[in-house]
Amino acid sequence: MAEETDFIGLISSFLGPASDDVDRVSPAPALSSVAPSISKNNDDFDVLPSTRVVIFSKDRPWQLQQLLRSMKLPIIDNASSDNHEASFVQRVDIFIICRATTADFAEGYEQIKQAYCQVDTQIKPCFLYEGEWMGRNALDHVSISDIIENKSFSFLLEYALNTKCDADADAASPTPSFVMFLTDDCVLLDFLEVVLSHAIGSLQYDQNDRVFNFLTRLHPGISRCQTRDCMSPSPRDWQYHSLIPYLNNAFNTDAHESVKHHDGIYLYTTKSGSTEWNYPFDLSGGVYRYKDVQMILKQIRTEDKDCNGKHGFSDQGGLSHPNTFEVRGNQAVLAIDNDLVAARKTLSAVPSRPLMVVLAINRVQDVCHAPIAGSGEGRVAQSTLTANDNNSTDPTDPSALLKLLLNGRNLDLERYLSTPYNSSHIGDVFLCDQLNVSQSSELQELSPDVSVLIPVHRGVDFVSHSIASIIMQCVDELHQPLDDETRGPQSSLSSMQIVIVDDRCDDGSIDVMIQSCKKLLDSQPNILLMVFDHREGQITLHEEHQQQQKRHHPQPTISIAIDIIASKSPGVASALNTGLDHCRSELVARMDADDICAPGRLISQLRFMRGNSSVNVVGASAVIFSTKDDQDTNDCTILPYHSVAPNSNQCHIVRTSLPVIDPGFLSWTMLFTCTISHPTVMFRKSAIDEIRGYDESIKCAEDYDLWLRMLEKDSRSILCLPFVGVWHRKHKHNNSVTNSLAQKKEANEARYRAICKKILSSPDDETDESLDIEHITALKDPATATSLDSINNAARLLMNMESTFLQKNDMCLTEHEIKLIQNDCNARIGELATIAISKFGKDYTDHFKFNSSEGPCYVWRLWSDRCPNEQFQRLSLLCHLTTTS
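Counting restarts for each chain: residues are numbered from 1 in the order of the written sequence. Residue-level local features of this predicted model are given only where pLDDT is at least 70; pairs of side-chain atoms are given and counted only at 80 or more, and the full residue set underlies all totals for whole chains, interfaces and linings. Note that water and hydrogens are dropped before the side-chain values are worked out from all heavy atoms of the structure.

Caption draft 1: The overall build of the protein, seen in detail. Secondary structure elements are taken from DSSP: a helix is a run of H or I of four residues or more, a strand is a run of E of two residues or more, and numbering for both begins at the N terminus. The number of helices and strands found in the protein is 26 helices and 26 strands. Buried, partly exposed and exposed residues are distinguished by accessible area as a fraction of the type maximum, computed with a 1.4 Å probe on protein chains only: under 20%, between the cut-offs, and over 50%, respectively. Each of the 885 residues in the protein was classed as buried or not, and the buried ones make up 57%. Counting only carbon and sulfur atoms, one obtains 48% of the accessible surface of the protein, whose full area is about 37,500 Å². Only the protein chains shown count as cover for residues, and the accessible areas themselves come from Shrake-Rupley with a 1.4 Å probe.

Caption draft 2: The sheet that holds strand β15 (residues 425-426), seen in detail. Any two strands with at least two DSSP-identified bridges between them are counted as paired. Ordered by their spatial adjacency, three strands build an open sheet running β6-β14-β15, and the pairing between neighbours is mixed. With one partner strand each, in any of the chains shown, β6 (186-188) and β15 form the two edges of the open sheet. Inspection of the sheet shows strand β14 (residues 356-359) paired to β15 by two bridges, in the parallel sense. Looking at the pairing, Val358 lines up with His425 of β15. In this analysis, two residues are considered to be in contact whenever any of their non-hydrogen atoms come within 4.5 Å of each other. Simply put, an axis is a line fit to the C-alpha atoms, just over the touching stretch for a helix, and the angle between two N-to-C directions goes from 0 to 180 degrees. Each of β6 and β14 touches helix α2 (residues 61-71); the most contacted strand, β6, lies at about 20° to it.

Caption draft 3: Representation of the nonpolar core. Only buried residues count toward a nonpolar core, which is a set of Ala, Val, Leu, Ile, Met, Phe, Trp, Tyr and Cys residues joined through side-chain atoms within 4.5 Å. Counting 75 residues, the largest nonpolar core has Trp668, Phe683, Trp707 and Met801 as its most contacted members. Sequence-distant contacts of Trp707, defined by excluding residues within four places in its chain, comprise Val617, Met670, Cys674, Ile676, His678, Val681, Phe683, Ile688 and Ile718.

Caption draft 4: Structural context of the packing of aromatic side chains. Two aromatic rings from Phe, Tyr or Trp, using only the six-membered ring of Trp, form a pair when their centres are within 6.5 Å; if the ring planes differ by under 30 degrees the pair is stacked, by over 60 it is edge-to-face, and anything between is tilted. Applying the stated criterion to the full structure yields 19 aromatic pairs. Look at Phe56 and Phe181: their rings are 6.0 Å apart centre to centre, the planes differ by 20°, and that puts the pair in the stacked class. In this pair, Phe56 is assigned in strand β1 (residues 51-58) and Phe181 in strand β5 (residues 178-183), connecting sequence segments 125 residues apart. Comparing Phe56 with Phe181 shows no difference in burial state: the two are buried. With a centroid separation of 5.9 Å and an interplanar angle of 80°, the aromatic rings of Tyr268 and Trp277 are classed as edge-to-face. A residue is classified by how much of its surface remains accessible, and Tyr268, at 0% relative accessible area, is buried. Aromatic ring contacts, followed pair by pair, group Phe56, Phe153, Phe181, Phe212, Phe281, Tyr288 and Phe325 into a single cluster. The cationic tip of Lys72 hangs over the ring face of Phe191; the distance from NZ or CZ to the ring centre is 5.0 Å. Charge-over-ring placement is defined geometrically: NZ (Lys) or CZ (Arg) within 6 Å of the ring centre, and within 35 degrees of the ring normal. The ring of Phe672 has Arg828 lying over it, and the distance from NZ or CZ to the ring centre is 3.7 Å.

Caption draft 5: Quick peek at the pairing of strand β18 (residues 527-533). The element β18 is largely enclosed, with a buried count of six among its seven residues. Here seven bridges tie β18 to strand β20 (residues 558-566), and the two strands are oriented parallel to one another. Across the sheet, residue Ile527 finds its bridge partner in β20, namely Ile558.

Caption draft 6: Structural context of the pattern of salt bridges. Salt bridges are defined by distance alone: a side-chain nitrogen of Lys or Arg within 4 Å of a carboxyl oxygen of Asp or Glu. Under the definition given, this model contains 31 salt bridges. Between Arg535 and Asp502 there is a salt bridge, and its shortest N-O distance comes to 3.2 Å. Here Arg535, found in the loop between β18 and β19 (540-542), pairs with Asp502, found in strand β17 (residues 495-502); they are 33 residues apart in sequence, far enough to count as distant. Judged by its relative accessible area of 27%, Arg535 is partly exposed. Residue classification places Asp502 among the buried residues on the basis of a relative accessible area of 15%. One network of salt bridges, with partners in common, ties together Arg60, Asp184 and Asp185.

Caption draft 7: Up close: the side chain of Thr270. With respect to the helices and strands, Thr270 occurs in the loop between β11 (264-269) and β12 (286-289). Taking relative accessible area as the criterion, Thr270 reaches 10% and is therefore assigned buried. Think of a polar contact as two N or O atoms within 3.5 Å of one another; within protein, one of them needs to be a possible hydrogen donor and the other a possible acceptor, and neighboring residues in sequence only count if both atoms come from side chains. One polar contact links Thr270 to Ser348, side chain to side chain, over a distance of 2.7 Å. If we skip the residues at most four places from it in the chain, Thr270 touches Trp277, Asn278, Thr346, Leu347 and Ser348.

Caption draft 8: Structural view of helix α8 (residues 322-335). For α8, which comprises 14 residues, the first-to-last C-alpha distance of 19 Å matches the rise-based estimate of 20 Å (1.5 Å per residue) to within 8%. The element α8 is extensively covered by neighbouring structure, given that 10 of its 14 residues are classed as buried. Burial in α8 covers these residues: Pro322, Asn323, Thr324, Phe325, Glu326, Arg328, Gly329, Asn330, Ala332 and Val333. Between the first and last residue of a helix there are one fewer steps than residues, each counted as 1.5 Å, and that sum is the expected span.

In structure tokens, the structure reads:
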């Protein structure tokens, strides 16, 4: 009996004392308590570190070629060679460990090697050949006297990590600071220098050196593990951190302006992750400190020596094969936790947007038996590769893909940029069209590429930064490095319309916006600015800046037209409808006058919308921040475009809104709360017009109502992209602050209307008793429930919603989305049951011991039936209730 009492006391002490004030969800452990703050001293960063990139390839020369192509290695311009002295990538060496089982594959690798020898790039990949090289007899015309061949994998791995790439150098290179591992089925979605800058910035981010790895293939949109065919929920404790101070210090020349576009990472405690998020040693894009890689190698060698009695490298041990190396590397991380994990390396870093995908389309090894991804697998928004492309019944077989190398066919990298995936391993093979079909020039003349819609009420302190962040989208586009292979017509931003709606603005904000635009573009003769003021009943063209630009550059590359419109009636909804009437582009981007548009946002959303005609609304993540003076603040240099819109205030990052990229799951979550941030969206004007625009009778939740009406028409018409699109400013004049009660009331009413339409098959059906706004409110926020009956009815409503939603959308939901919805329901049921016993359990103690499906314990029994593996949580709650009654 004493032992039982101790056990109950232990659980009770773990849960803490009971309280009548029960939070809706127990907050996850705050990462801020363990997460690093960025070093204030830039000297703490090694801004030009020596980095070693090691690539593993077997029988896949075409896929290796596509990986190298996706790196976009810089070409040396002899006319301006002095400018490359400070180049980040000059400190990078690339080693490729190749294994070919036939002469054809060997010839493919030699073709790639010779191609890079003939191109004057800043980085020369060094090819290392494992085993007996099959190409010696078949390639008499190729000089391979300088290659390293007939060596074991373990020997080549050590050589790649410790030897200088330059074949003319006698001495070994200085010890590299960082190592990046890649496999030949990886495809980068940005320049190698961009990827490495984020990785190295992440690993140097913490002053206490706690970041162990940077996992390039992960990002906030990953929710599925393809290799294990299971869910892969993201960590609960991660936080967004800006890398802008580091990137600006590392890349301070115009040649690297593009690196500044994507400025953030997510940090999380490694052990808090599962599946994809708790795989610390990854050869598919993992980046590590060199000393940590050496520690892992030492541990593997020690284990091999203990097991086999062998010294040094073992051809049969953990360093005999890339896949064995990865498996044993993860085991080594756990084995040496005293030196590596527990005492120091507790954090992992991932990019805030997709930087890489893995084409899991074939298998060339027999160590691991991961499943091959089918075409379209992981895609949330048809492959262009067919058997006709290479005359093979299996178009993804390595031998068949070799013909693509011989025929000069390449991956369409732009398609991967415009296609969101919920897993890092995908099955799509998008090939470039052989004919370059450009957009119609006549269509471009008729309408701008995008219209940006901004209602302005007041905010003179913020509008300059807001409008500058939009104009800089065009400036950035103008200065992007030219890459004809990967930047086609889908990736252009040649014209923009900005529609500013005057919603009773009386503080001069609009005048400040126009003056900021003119000042910003004074040094940009390639951008033509035209301002049309429609507020006085006639169009007024501000020509001074236009004429000045024409004198300097008669044929501008990009044109920006600003239309200033007076709202027909007060209120945001009316202002937005008025502005929509004046938008000349089919694609409209929303912005608020106090927010900041993140670099690269418009072109990323344009690229996606042009390639996915079935989607009507696309959103993005948002960084929520405030500018106020307190102790927990950062310098405003972390804000995008701070240099063109100086701000003396201090900046505090509050949180980030994470994207829901699966459209079917987003449609489900919208029934509970608005999971898409209004200022981040880009939408099709025709789709908004079709549902009659914003409801002007709704003053504070007009966006939520609009999205629910659109999803009622098409449940897959809205999704979010996994990148930061907007920095959303919180201040005391926000509508969500000044009208929070009205906004909550209107949101509940919109939610009630949407749920009624989802549950009822027709308007004449008799209303279910659970369809009460009080029960819907309890489902949204269980902590507000006033009785156990209210919670039980909320649970019954949830079950009704789940079955009806799945039934009505049976033909359009993916298997992954169905699992997401079911898991979400289980979590909500567990939350309802937790609130029930914590808030009302003292009055119904005996009822929670019965197994009946009715009565006061309905929600508890429902949780037990749906989540049998969570018995420990239920036992803990009962013990907690018993010891506090």
